[in-house]
Each structure stands twice: as structure tokens, then as C-alpha cells.
Amino acid sequence: MKKTKKNFFKVIGTIFSACGITATFTACYGCPGYYPSLYVNEVDFTVFYDADGNGEYDENTEDKLIKEIKVSEKENPDNADITDEAGNISLFTPKDSEVTFVVEDIDGSENGGKFKSKEVTVDFEGLTGTAKSVKVALEKDTE
């Protein structure tokens, strides 16, 4: 009887040990979340107010970089971020050849004026795996 009881506990102990080792290896692997093969293009945005209307940023004029501007992917609004103090932001996008982004002022007049929203289409044809710089000129919203 003692031997049967001892063998029973040995079997139970072995089963628990095997389950514990399996759970540990599974936990060490971690959760898959970032798939580099899906997000290969990077877009570096610079958002500015174009005071002189020429479409180019010139620090010697009244043009100014705008903080607190939301840039989001039109087809995937969860892929979004807000510009920093220098009006810059980087987003990673899927392998599409063209991606449309929505650039919008989210804080009203707190960043120097209320600005009109704008859609910007970025073409990645032949640029898979690289970064692309895009300058976005916004106009003040007078309404």
C-alpha cells in the first residue's frame, strides 16, 4: 500500500513538473504583437503654419512649426500620434504603395491658432523598408 501511494505521488509530481516547465517556456516566448513584415514604411512628418503661403517652411519668415497636431492613417485611425514641440512625428505604415493621412488640429487655438484639417497622400512606390520625410503646411481656420 505504501509503495502504491508513493508511486501515485511520483506520477502526480511528474505531471505537475511537466506542466510547469511547459508554462514557463510559453511565458518566456512572450506575446506576439509587432510584426515587422506588416509595417515596413516609416513617414517622418513636419507640420508647420505657412504664413506666406508658398508651401515651404522658412524659419526666417513668420512660418512656425506646430505642436499638438494629430496625424492619423485614414484607413486605420488607430495608427496615429501627436506632433512634438518641434512639429515632428514619425509613423510606421503598412506595405501599401499609397497611404492617406489625416492631419488635424486637436487643441483649437492653444497652439497658436485653429488650423484647417488636411489629407496628405504619401506614395511609397519602390520605397519599401525606408523612411520618407513629408512637410505639411496648414492654413489657419477663419471660421
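Data block above holds the structure.
Below is a summary of the structure that appears in this document. No experiment lies behind these values; they were computed from the predicted model shown.

**Digging into the nonpolar core**
(1) Moving on: Counting residues in hydrophobic clusters, the biggest one holds 19 residues, and the most contacted among them are Phe45, Val47, Val71, Phe101, Val103, Val136 and Leu138.
(2) Moving on: Those elements giving two or more residues to this core turn out to be β1 (39–49), β3 (69–73), β5 (88–94), β6 (98–105), β7 (118–123) and β8 (131–138).
(3) Moving on: In terms of residue count, the dominant contributor to this core is β1 (four residues).
(4) Moving on: Filtering out sequence-adjacent residues up to four positions away, phenylalanine 45 remains in contact with Val71, Gly87, Asn88, Ile89, Leu91, Phe101, Val134 and Val136.

**Quick look at the packing of aromatic side chains**
Aromatic ring pairs are described here by two measures, namely the spacing of the ring centres and the angle between the planes.
(1) Moving on: By the definition in use, this model includes two aromatic pairs.
(2) Moving on: When the ring of phenylalanine 45 is compared with that of phenylalanine 101, the centres are 5.0 Å apart and the planes differ by 75°; the resulting orientation is edge-to-face. Separated by 56 residues along the polypeptide, phenylalanine 45 in strand β1 and phenylalanine 101 in strand β6 bring together distant segments of the chain. Each member of the pair, phenylalanine 45 as well as phenylalanine 101, is classed as buried.

**A few points about the pattern of salt bridges**
(1) Moving on: Applying the stated rule across the entire model yields three salt bridges.
(2) Moving on: A salt bridge links lysine 67 to glutamate 85; the nearest nitrogen and oxygen atoms lie 3.9 Å apart. Note that lysine 67 is positioned in the loop between β2 (64–65) and β3 and glutamate 85 in the loop between β4 (80–82) and β5, a separation of 18 residues in sequence.
(3) Moving on: Two residues, glutamate 139 and lysine 116, come together in a salt bridge whose shortest N-O distance is 3.8 Å. One end of the pair, glutamate 139, is in the segment after β8; the other, lysine 116, is in the loop between β6 and β7, and 23 residues separate them in sequence.
(4) Moving on: Under the relative-accessibility criterion, glutamate 139 is labelled exposed at 52%.
(5) Moving on: Accessibility expressed as a relative area gives 37% for lysine 116, which makes it partly exposed.

**Concerning the sheet that holds β6**
(1) Moving on: One open sheet holds the four strands; their spatial order is β4-β3-β6-β7, and the pairing between them is antiparallel. The strands lining the two open edges of the sheet, one partner per strand, are β4 and β7. Adjacent strand axes in the sheet meet at a mean angle of 20° when their direction is disregarded.
(2) Moving on: Bridge analysis of β3 against β4 gives three bridges, and the strand direction is antiparallel. Paired with valine 71 across the bridge in β4 is aspartate 81.

What counts as what
- Each chain has its residues counted from 1, running along the sequence as written.
- In keeping with the model being predicted, local features are shown solely for residues with a pLDDT of at least 70 and side-chain atom pairs are shown and tallied solely at 80 or more, while totals for entire chains, interfaces and linings include all residues.
- In computing side-chain values, all of the structure's heavy atoms are included and hydrogens and water are not.
- By convention a nonpolar core is built from buried Ala, Val, Leu, Ile, Met, Phe, Trp, Tyr and Cys residues, the set being connected through side-chain atoms within 4.5 Å.
- Think of it in three bands: residues with accessible area under 20% of the maximum for their type are buried, residues over 50% are exposed, and the middle band is partly exposed, with areas taken using a 1.4 Å probe on protein chains only.
- Comment: elements are numbered from the N terminus, with helices defined as DSSP H or I runs of at least four residues and strands as E runs of at least two.
- Whether two residues touch is decided by their heavy atoms; if any such pair falls within 4.5 Å, the residues are in contact.
- Aromatic contacts are taken between Phe, Tyr and Trp rings whose centres are within 6.5 Å, Trp giving its six-membered ring; a plane angle under 30 degrees counts as stacked, one over 60 as edge-to-face, and the others as tilted.
- By definition, a salt bridge exists where a carboxyl oxygen of Asp or Glu is found within 4 Å of a side-chain nitrogen of Lys or Arg.
- Here, any two strands with at least 2 DSSP bridges between them count as paired.
- To get an axis, a line is fitted to the C-alpha atoms, and for a helix only the part in contact is used. The angle between two axes follows their N-to-C directions and goes from 0 to 180 degrees.

All quantities given are derived from atomic positions and should not be read as evidence of function.
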